[in-house]
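Residues per chain are reported as follows:
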Amino acid sequence: MNIFFAGTPEIAVKSLEKIAENFNICGVLTNPDKPQGRSNKIVFSPVKTTALSLSLPLFQPETINSDFISTIKSLNPDILVTFAYGKIFKKDFLSIFSKETLNIHPSLLPKYRGPSPITAAILAGDPETGITIQKMALKMDSGDIVKQVQFPLTGSETADSLTEDVAEKSALLITEVLANIISDNYSPIPQDHSLASYCSFVKKDDGLINWNDKTVQIERKFRAYKNWPGIFTYWKGKLIVITECCLVSENDAKNINTPDIVPGTAAFVDKNKGILIKTIDGFLAVTRVKPQSKNEMDFKSFLNGSKDFIGSILENDLLKSS
């Protein structure tokens, strides 16, 4: 069986490596190289780097046109495996695979169809999540389920740590599924489309803190967006990124008399917990920040240079801060 793999980011690397260990890969598809940063330096995708290290045939077309489809068809591919490739395949491309077309999706489909299911699970405070191997369909993430696994969440995961866990589990799952497909030992199950929920691309502005949210919601946002875009607020018209924070326990919050404190107020300093910022229902303890145009620092260093921070009210957007 010839397997053709499509993927781009780091989360797909373990699956590519595991498939290459156990099956014949006739080609790897990843997105074209793009310049990054101020220097516009060309950076290879993690999947490209891995494919090159494994000496696998690599393809990076700008568009999947008829010429590209003819090229891939000549490889006699039997099975397509995709994992976060980043583009939607049309029927003319999917039809060249003689055996099966598969997609690895890091959620319990039909829950969280779309591009950011890992982030969505953390934001929702889900007690569990999972991985689904589904048949490819023309409508996003709507294909029949070939295999699905579920695992618990502790409530301390960040997007990075959960992505790493999903990458490891997905690699094991896809090799099991491929073995079953090759031996015709699988029975796909249609999704219940009435239960479908959706997630969208994460945007920079999603990291803006609304201090009228509950504390647990802000803390989940911190864990979901820790790597990018981060969570941030404004003070005196300047951006402050919160790089480390934690919940204040209910008991500790009850010990603070706060009936008249407005959400967003940098209310108190706790020498162990950090700066206690008021939310709609309690406090978020902030221990590290990165002020605009400055390096990341601990809360004590920040307060040393911002003597009037405690007692001030942080704003939910720059417009209000100006």
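Keep in mind it's a predicted model, so treat the numbers as computed, not measured. Think of each chain on its own: its residues are numbered from 1, step by step along the sequence as written. The predicted nature of this model means local features are confined to residues of pLDDT at least 70 and side-chain atom pairs, given and counted, to a pLDDT of 80 or more, with totals for whole chains, interfaces and linings taken over all residues. Note that the side-chain values use all heavy atoms of the structure and ignore hydrogens as well as water.

## So, the packing of helix α1 (residues 13-22) against helix α2 (residues 46-53)
Right, so step 1: Contact pair α1 / α2: the axes reach a minimum separation of 9 Å and the direction vectors enclose 20°. Judged on the interaxial angle alone, α2 and α1 are roughly parallel. With respect to the hand of their crossing, α1 and α2 are arranged in right-handed fashion. Contact with α1, carried on its side by Val 13, Leu 16 and Glu 17, involves Pro 46, Val 47, Thr 50 and Ala 51 of α2 and no other residues of that element.
Right, so step 2: Residue polarity is assigned by list, with Asp, Glu, Lys and Arg as charged and Ala, Val, Leu, Ile, Met, Phe, Trp, Tyr, Cys and Pro as nonpolar; anything else, Gly included, falls into the polar class. Counted by class, the contact of α1 with α2 contains five nonpolar, one polar and one charged residues. Interaxial angle, 0 to 180 degrees, is taken between N-to-C directions of lines fitted to C-alpha atoms, where a helix line uses only the stretch in contact. Helix numbering and strand numbering both begin at the N terminus, where a helix is a DSSP run of H or I of at least 4 residues and a strand a DSSP run of E of at least 2. What sets the label is the angle itself: under 35 degrees gives roughly parallel, over 145 gives roughly antiparallel, 65 to 115 gives roughly perpendicular, and the rest give oblique. Left-handed is the label given to a crossing in which the near helix is rotated counterclockwise from the far helix by less than a right angle, and right-handed is the label when the rotation is clockwise. The contact criterion used throughout is that any non-hydrogen atoms of two residues lie within 4.5 Å.

## Concerning the sheet that holds strand β7 (residues 100-105)
Right, so step 1: One bridge is not enough; two strands pair if DSSP finds at least two bridges between them. Within the open sheet, the seven strands sit side by side as β5-β2-β1-β6-β7-β8-β9. Their pairing is mixed. The strands lining the two open edges of the sheet, one partner per strand, are β5 (58-59) and β9 (145-152).
Right, so step 2: Bridge analysis of strand β8 (residues 128-135) against β9 gives seven bridges, and the strand direction is antiparallel. Of the residues in β9, the one forming a bridge with Thr 132 is Gln 148.
Right, so step 3: Relative to β9, helix α6 (residues 159-182) is tilted by about 150°, and along the sheet it contacts β1 (2-7), β6 (79-83), β7, β8 and β9.

## Examining the environment of Leu 56
Right, so step 1: Here Leu 56 is to be found in the loop between α2 and β5.
Right, so step 2: Only protein chains enter the calculation, and the probe is 1.4 Å; a residue is then buried if its accessible area is under 20% of its type maximum, exposed if over 50%, and partly exposed in between. For Leu 56, a relative accessible area of 15% translates into the label buried.
Right, so step 3: The sequence separation of Leu 56 and Cys 26 amounts to 30 residues, and the corresponding C-alpha distance is 7.4 Å.
Right, so step 4: Ignoring any residue separated from it by four or fewer positions in sequence, one finds Leu 56 in contact with Leu 16, Ile 25, Val 28 and Ala 51.

## Describing unusual backbone geometry
Right, so step 1: Here Leu 109 and Pro 110 are connected by a cis peptide whose omega angle stands at 15°.
Right, so step 2: Residue position: Pro 110 is located in the loop between β7 and α5 (117-124).
Right, so step 3: Cis geometry marks the peptide bond from Trp 228 to Pro 229, where omega comes out at 5°.
Right, so step 4: Assignment of secondary structure puts Pro 229 in the loop between α7 (215-224) and β10 (231-235).
Right, so step 5: The backbone of Ser 55 sits at a positive phi, close to 55°, despite the residue not being glycine.
Right, so step 6: Position of Ser 55 among the secondary structure elements: in the loop between α2 and β5.
Right, so step 7: The class for Ser 55 is exposed, based on a relative accessible area of 65%.
Right, so step 8: Positive phi outside glycine occurs at Tyr 112, with the angle close to 60°.
Right, so step 9: With respect to the helices, strands and loops of the structure, Tyr 112 is situated in the loop between β7 and α5.
Right, so step 10: According to the relative accessible area criterion, Tyr 112 is buried, its value standing at 10%.

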